[in-house]
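The primary structure of each chain is shown beneath.
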Amino acid sequence: MAASNTITLHYDVPNDDFTRAGEASSDLKSKLKQMGVDPGAIRKVAIALYEAEINMIIHANGGTIDVEISETGLKIVLKDVGPGINDITQALQAGFSTALEQIRILGFGAGMGLPNMLKNTDDMIIDSIVGVGTTITLFINM
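A brief structural summary. Predicted model only: the values in this text are computed from it and were never measured. (Residues numbered from 1 in each chain as written. Predicted model: local features only at pLDDT ≥ 70, side-chain atom pairs only at ≥ 80, totals over all residues. Heavy atoms only, no water.)

**What about the overall build of the chain?**
Condition: In this description a helix means any DSSP run of H or I spanning at least four residues, a strand means any run of E spanning at least two, and both kinds are numbered starting from the N terminus. Our radius of gyration looks at C-alpha atoms and nothing else; its globule reference is 2.2 Å times the residue count to the power 0.38. Note on definitions: a residue-residue contact is assigned when non-hydrogen atoms from the two residues lie within 4.5 Å. Note on areas: these come from Shrake-Rupley sampling with a 1.4 Å probe, and a residue is covered only by the protein chains present in the view.
A count of helical and extended segments in the chain gives 5 helices and 5 strands. What you see for the chain is a C-alpha radius of gyration of 15 Å, in line with the 14 Å of a compact globule of 142 residues. The dimensions of the chain, computed from C-alpha atoms along their principal axes, are 45 × 30 × 25 Å. Of all intrachain contacts in the chain linking residues separated by at least 6 positions in sequence, the fraction that spans at least 24 positions is 61%. Counting only carbon and sulfur atoms, one obtains 51% of the accessible surface of the chain, whose full area is about 7600 Å².

In structure tokens form, the structure reads like this:
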């Protein structure tokens, strides 16, 4: 597909602002509905992106989200400058969490973010350097 047919979007995810959690996923969901994208694909995008936003707020001092929408699917690149992920294999295990108790009291940090992102994408690449940050690339076919 030609680059001119690709739609790009950018979102900033704030640090520690749970009131804004989900803004990017909600906006992207709305845009995909307007484009007539399959509801099943929209659901996967909304879940994966919401989980990513929450993770960025809880663990990574916020970050950025860049989305490319083409006729064949979505590529979503999540970047942060947080502490990085010490053990990616462990972080992908359902229920594993490094969230602080005050985050858990708010109802977040159950350890399902990365597992739900993986479950709702067709491919997910995690590149993380401890002390530098994490880049996660999500691919969702349409």
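Still more to cover.
**Considerations on the pairing of strand E2 (residues 63-69)**
Note the following rule: Using a 1.4 Å probe on the protein chains alone, a residue whose accessible area is under 20% of its type maximum counts as buried, one over 50% counts as exposed, and one in between counts as partly exposed. Strands are labelled as partners when DSSP assigns at least two bridges between them.
With burial as the criterion, only one face of E2 is covered, namely that bearing Gly-63, Ile-65, Val-67 and Ile-69; the residues Thr-64, Asp-66 and Glu-68 on the opposite face remain uncovered. Where strand E1 (residues 7-13) lies against E2, 7 bridges are found, and the strand directions are antiparallel. Bridged to Asp-12 within E2 is Thr-64. Note that E2 and strand E3 (residues 73-79) share 6 bridges and pair antiparallel. If you follow Val-67 over to E3, its bridge partner there is Ile-76. Between the end of E2 and the start of E3, which pair antiparallel, lie 3 residues.

**Overview of the nonpolar core**
The cut-off we apply is this: Note on terminology: a nonpolar core comprises buried Ala, Val, Leu, Ile, Met, Phe, Trp, Tyr and Cys residues joined through side-chain atoms within 4.5 Å.
Leu-28, Ile-65, Val-67, Ile-76 and Leu-78 are the most contacted members of the largest nonpolar core, which totals 35 residues. Of all the secondary-structure elements, those providing two or more residues to this core are E1, helix H1 (23-34), helix H2 (39-59), E2, E3, helix H5 (113-119), strand E4 (123-129) and strand E5 (133-141). It is H2 that provides the largest number of residues to this core, a total of 10 residues. Apart from residues no more than four positions distant in its own chain, Ile-65 is found in contact with Leu-9, His-10, Tyr-11, Val-13, Ala-24, Leu-49, Glu-53, Met-56, Ile-76, Val-77 and Leu-78.

**Looking at the packing of H1 against H2**
This is how the line gets drawn: Only the contacting stretch of a helix is used when fitting its axis, a line to C-alpha atoms as for every element, and angles between N-to-C directions run 0 to 180 degrees. Every angle not falling under 35 degrees, over 145, or within 65 to 115 is termed oblique; those three ranges are roughly parallel, roughly antiparallel and roughly perpendicular. Helix crossings get a hand from a simple test, with the near helix turned counterclockwise from the far one by less than a right angle marking a left-handed crossing and a clockwise turn marking a right-handed one. Gly is put with the polar residues, along with every residue not named as nonpolar or charged; the nonpolar set is Ala, Val, Leu, Ile, Met, Phe, Trp, Tyr, Cys and Pro, and the charged set is Asp, Glu, Lys and Arg.
In the contact formed by H1 and H2, the axes pass within 8 Å of each other and the chain directions differ by 165 degrees. Considering the angle they form, H1 stands roughly antiparallel to H2. Crossing angle aside, the handedness with which H1 passes H2 is right-handed. Within the contact between the two elements, H1 uses Glu-23, Ala-24, Ser-25, Leu-28, Lys-29, Leu-32 and Lys-33 and H2 uses Ile-42, Val-45, Ala-46, Leu-49, Tyr-50 and Glu-53. Per-class residue counts for the contact of H1 with H2 are 8 nonpolar, 1 polar and 4 charged.

**Considering unusual backbone geometry**
A positive phi is found at Asn-61, a non-glycine position, where the angle reads about 60 degrees. In this fold, Asn-61 is placed in the loop between H2 and E2.

**Here's the deal with H1**
The test is simple: Here a helix's expected span is defined as the number of its residues, less one, multiplied by 1.5 Å.
Given a rise of 1.5 Å per residue, 12 residues ought to cover 16 Å, and the 17 Å separating the end C-alpha atoms of H1 matches this to within 8%. On its buried face, H1 sits against E1, H2, E2 and E3.

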